[in-house]
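Spelled out from the first residue to the last, the chains are:
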Amino acid sequence: FAHTVTVIDLKAQKPIGQVKVGFEPIGLALSNDGKTLYAANFISGEVSVVDTAQLRETTRIPVGRGPFSVALTPDGKLLMVANTLPGQPATDPEASADVTVIDTATNKVLRTVRGPGAMLSCRHMAVSDDGKWSLVAHLAPNANVPTTQLLQGWIQTNALTTIPVSGEGSVV
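Residues numbered from 1 in each chain as written. Predicted model: local features only at pLDDT ≥ 70, side-chain atom pairs only at ≥ 80, totals over all residues. Heavy atoms only, no water.

Student: Mind showing me how you'd approach the overall build of the protein chain here?
Tutor: A count of helices and strands for the protein chain gives zero helices and 13 strands. When the elements of the protein chain are put in sequence order from the N terminus, they spell out β-β-β-β-β-β-β-β-β-β-β-β-β. Here the C-alpha radius of gyration of the protein chain, 17 Å, is about what a compact globule of 172 residues would show, namely 16 Å. Each principal axis of the C-alpha distribution contributes one length, and for the protein chain these read about 55 × 35 × 30 Å. Looking at the protein chain residue by residue over its 172 residues, the buried ones come to 40%. Per element, the accessible surface of the protein chain, about 9,800 Å² overall, is 54% carbon and sulfur. Between the centroid of the 13 positive side chains of the protein chain and the centroid of its 14 negative side chains there is a distance of 6 Å. (Helix = DSSP H or I, 4+ residues; strand = E, 2+ residues; numbered from the N terminus. Rg over C-alpha atoms; globule rule 2.2 N^0.38 Å. Buried < 20%, exposed > 50% of the residue type's maximum accessible area, 1.4 Å probe, protein only. Areas by Shrake-Rupley, 256 points an atom, 1.4 Å probe, with all protein chains shown as cover. Lys, Arg positive; Asp, Glu negative; His and termini not counted. Charge placed at Lys NZ, Arg CZ, Asp CG, Glu CD.)

What follows is the structure, encoded as structure tokens:
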């Protein structure tokens, strides 16, 4: 896996440069004005902030474990980061992945929102058009199925969690 984001000239359909970022950039979000690119670096657990005019990384923001997907609010003031892995030990029965909320003006983490129940393997994130809700697609495991009943129950299923962007209200 690379530590770079490749810049492509869409008209010529050719690469025109590369920007060094954290390890394994996987999720990307471009600011509304096109001046800033955010890259979720899965292995290094950071978000790289890239100046698109200079084609250089300006900072890295530490987030949760395995950041996978990023989404900006419609006004561009907040960046939501879906972290794939729980921050708690695997032995913790309440272990759950989380979402990091970043202020894009300061590039500082405002808060981390823990998922409800066992939210694992967050894959995709979006923000509602009104900017009030963040939507996270993830796996919801059921660790309570006895091994003798595996054929009768489910072990994992897909789920969608809604998180209030403001930090006020319930995570569902």
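Having seen the model, we can carry on.
Student: Help me understand the side chain of Glu 46, please; the structure alone is not making it clear to me.
Tutor: Its place among the elements puts Glu 46 in strand 5 (residues 46-51). In this structure the side chain of Glu 46 is engaged in a polar contact, spanning 3.1 Å, whose partner is the side chain of Ser 44. Residues within four places of Glu 46 in sequence aside, it is in contact with Gly 22, Ala 39, Ala 40, Asn 41, Arg 60, Ile 61, Pro 62, Val 63 and Pro 67. (Polar contact = N/O pair within 3.5 Å; in protein donor to acceptor, adjacent residues only side chain to side chain. Contact = heavy atoms within 4.5 Å.)

Student: Just checking my understanding: could you explain the sheet that holds strand 6 (residues 56-62) for this structure?
Tutor: Either a parallel or an antiparallel arrangement is found when strands of a sheet pair, and the pairing is made through backbone hydrogen bonds. Across the sheet, which stays open at both edges, the four strands sit in the order 3-4-5-6 with antiparallel pairing between neighbours. The sheet is open, and its two edges are formed by strand 3 (25-30) and strand 6, each paired on a single side. Going from strand to strand, the sheet's axes swing by 25° on average, the running direction of each strand aside. In this sheet, strand 4 (residues 36-41) lies alongside strand 3 in antiparallel orientation, the contact comprising five bridges. The residue of strand 4 that forms the bridge with Leu 30 is Leu 37. (Pairing = 2+ DSSP bridges. Axes fitted to C-alpha atoms, helices over the stretch in contact; angles between N-to-C directions.)

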